[in-house]
Amino acid sequence: MVEVGDKVIGYSTDPGVRNKGASGGLVTAILAAALEKGLVEEVVVLKHINEYEAIPIITSDVEDVLASAGSMHTVPVNLAKYAVGKNVAMPGKPCDIRGVIEQAKRNEVNIDNTYLIGLNCGGTMYPVQTQEMLVNMYDIDPEDVTGENIEKGNLIFRTKSGEEKGISIDELEEAGYGRRLSCRFCDVKIPVNADLACGNWGVIGELTGNATFCEVMNEKGVRLLENAIEAGYIEIEPASEKAIAIREKVNNVMLSMGEKWSEKVFTEIPDKERTQYYMEQFADCINCGACKEVCPACTCGEDSKCTMYHNLEDNYRMSMFHMVRLMHLSDSCIGCGQCTDVCPADIPVTTIFRRFADKSQKKYNYKAGMTLERPPFLEVMPR
Ligand SMILES: Cc1cc2nc3c(=O)[nH]c(=O)nc-3n(C[C@H](O)[C@H](O)[C@H](O)COP(=O)(O)OP(=O)(O)OC[C@H]3O[C@@H](n4cnc5c(N)ncnc54)[C@H](O)[C@@H]3O)c2cc1C
Ligand code: SF4
Ligand code: SF4
Ligand code: SF4
């Protein structure tokens, strides 16, 4: 019997799934069981395009689920909006799960029938830059890569010839490669906001690379695991004290790395220079609206306060669109990085929004996307 709070090590009972999965195929097997045994009607997974790119899909075909096994470190897309209005199960990085929770607070997602399998996350990278990095730093032809893994602070690539080459993430980031900036200062590494929190930290001994550590966060997590066990899709065993301690230790190391990045990026701006800072940051904005479109914490749609001012004529030396959004997202920005990723003017939108939001979230001791607690200033367009 599974209980809330259990910490287990598990893997798929199907050798093919176990082999294809990032660490034992536990997540794929749980998703497949949820679909096949009717716990959910659909699942959100990634459809692989190549070794570096994939697109999120919503599917009820178990073959799509099996084909999605494996971790794509070069796919930073946020999955939250794919869960909207559906009875789904979805895997997700902490920021995907945070996005779903923000959507749920705005009644876009029914959290009771949305099953969230969280994946620990050390960070994601851009696909094009990663291929450039492989040539310049690893001396590897991107076409030869068959898989990648993060272990002990190293980013390791495997090639068709069976070789493995790892370089420390610090060294890669110093050279201008590696994780997206938002991932470097991200402050959630184990998705304790999901129903299950899964990852390879804490998997030790002969199971290393071949099984996943999974923490059961709530009753939905119990249902997901029990359903997969009853279907015969997974096997689990209790995690040892040593495994639990290692997972905790690595998480703390990653969080303190994130804090150091935060201190580096969010240097204090004197009060009287703040307005100037925001005006300068958005000076190149072409008002395309892409940053709003992708934001997983944003649900008002086109008929919203910020879009009312989404007009260059209305601007007072700086886009009012951004001013309204900065206020609106001050209690709900989750720092997912999507806005920076899509900005055609190369504006570091995430850094700007996080700088603004961090103050109010800290003041109210509130972290967006972690629980269903109402945000301090929640205000959305009622539907
Ligand atoms: C970007 C990323 C970084 C990670 N970093 C760490 C880490 O630092 N430490 C750690 O302990 N674990 C990390 N993990 C989790 C770990 O790699 C495994 O995903 C986890 O142990 C489950 O393994 P599995 O074999 O059961 O998953 P699988 O059975 O292989 O299933 C993986 C599922 O994840 C989905 N998926 C793959 N890539 C993404 C993505 N980019 N975004 C959203 N969903 C995706 C797939 O669609 C699939 O459904 C990371 C995962 C990802 C995706
Ligand atoms: S923002 Fe955080 S959770 Fe999201 S991809 Fe980056 S490190 Fe992972
Ligand atoms: S403002 Fe940017 S970083 Fe913040 S939640 Fe929206 S897309 Fe993510
Ligand atoms: S995506 Fe960039 S250019 Fe487009 S509205 Fe947002 S900040 Fe401006």
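Our structure's up above, just so we're on the same page.
Being a predicted model, the structure only gives us computed values, none of them experimental.

Ligand 1 sits among 32 residues. The nearest are Ala 22, Ser 23, Thr 28, Gly 70 and Asn 200. Here Met 72 contributes a backbone N or O atom positioned 2.8 Å from a nitrogen atom of ligand 1. Its free accessible area being 900 Å², ligand 1 has 99% of it covered by the protein chains. Only helix 2 (26-36) and strand 2 (42-48) provide two or more residues apiece to the shell around ligand 1. Residue composition of the shell around ligand 1, grouped by class: 14 nonpolar, 16 polar and 2 charged.

Here we have 8 strands laid out as an open sheet, ordered 3-2-4-5-9-10-1-11, and mixed in their pairing. Across the chains shown, the open sheet's two edge strands, defined by having one partner strand only, are strand 3 (54-59) and strand 11 (234-238). Pairwise comparison of adjacent strand axes, ignoring direction, gives a mean angle of 30° for this sheet. Pairing analysis gives 3 bridges linking strand 5 (residues 115-119) to strand 9 (residues 196-199), with the strands arranged parallel. Along strand 9, the bridge assignment pairs Ile 117 with Leu 196. Packed on one face of the sheet, helix 2 meets strand 1 (7-12), strand 2, strand 3, strand 4 (88-92), strand 5, strand 9, strand 10 (212-216) and strand 11 and runs near 170° to strand 4. The sheet strands contacting helix 8 (residues 219-230) are strand 1, strand 5, strand 9, strand 10 and strand 11, and the helix crosses strand 11 at an angle near 125°.

It is worth spelling out the sheet that holds strand 7 (residues 154-159) at this point. The strand order across the open sheet built from 3 strands is 6-7-8, with neighbouring strands paired in antiparallel fashion. In this open sheet, the two strands that pair with only one neighbour each are strand 6 (145-151) and strand 8 (164-168). Averaged over all pairs of adjacent strands, the angle between their axes in this sheet comes to 20°, without regard to strand direction. Relative to strand 8, strand 7 runs antiparallel, the two sharing 5 bridges. Across the sheet, residue Ile 156 finds its bridge partner in strand 8, namely Gly 166. Along the sheet, helix 5 (residues 127-138) makes contact with strand 6, strand 7 and strand 8, crossing strand 7 at roughly 90°.

When you line up the elements, Ser 332 lands in the loop between helix 13 (320-328) and helix 14 (338-342). With a relative accessible area of 1%, Ser 332 lands in the buried category.

The rules we used
- Residues numbered from 1 in each chain as written.
- Chains lettered and ligands numbered in written order.
- Predicted model: local features only at pLDDT ≥ 70, side-chain atom pairs only at ≥ 80, totals over all residues.
- Heavy atoms only, no water.
- Near = heavy atom within 4 Å.
- Polar contact = N/O pair within 3.5 Å; in protein donor to acceptor, adjacent residues only side chain to side chain.
- Areas by Shrake-Rupley, 256 points an atom, 1.4 Å probe, with all protein chains shown as cover.
- Helix = DSSP H or I, 4+ residues; strand = E, 2+ residues; numbered from the N terminus.
- Nonpolar A, V, L, I, M, F, W, Y, C, P; charged D, E, K, R; others polar.
- Pairing = 2+ DSSP bridges.
- Axes fitted to C-alpha atoms, helices over the stretch in contact; angles between N-to-C directions.
- Contact = heavy atoms within 4.5 Å.
- Buried < 20%, exposed > 50% of the residue type's maximum accessible area, 1.4 Å probe, protein only.

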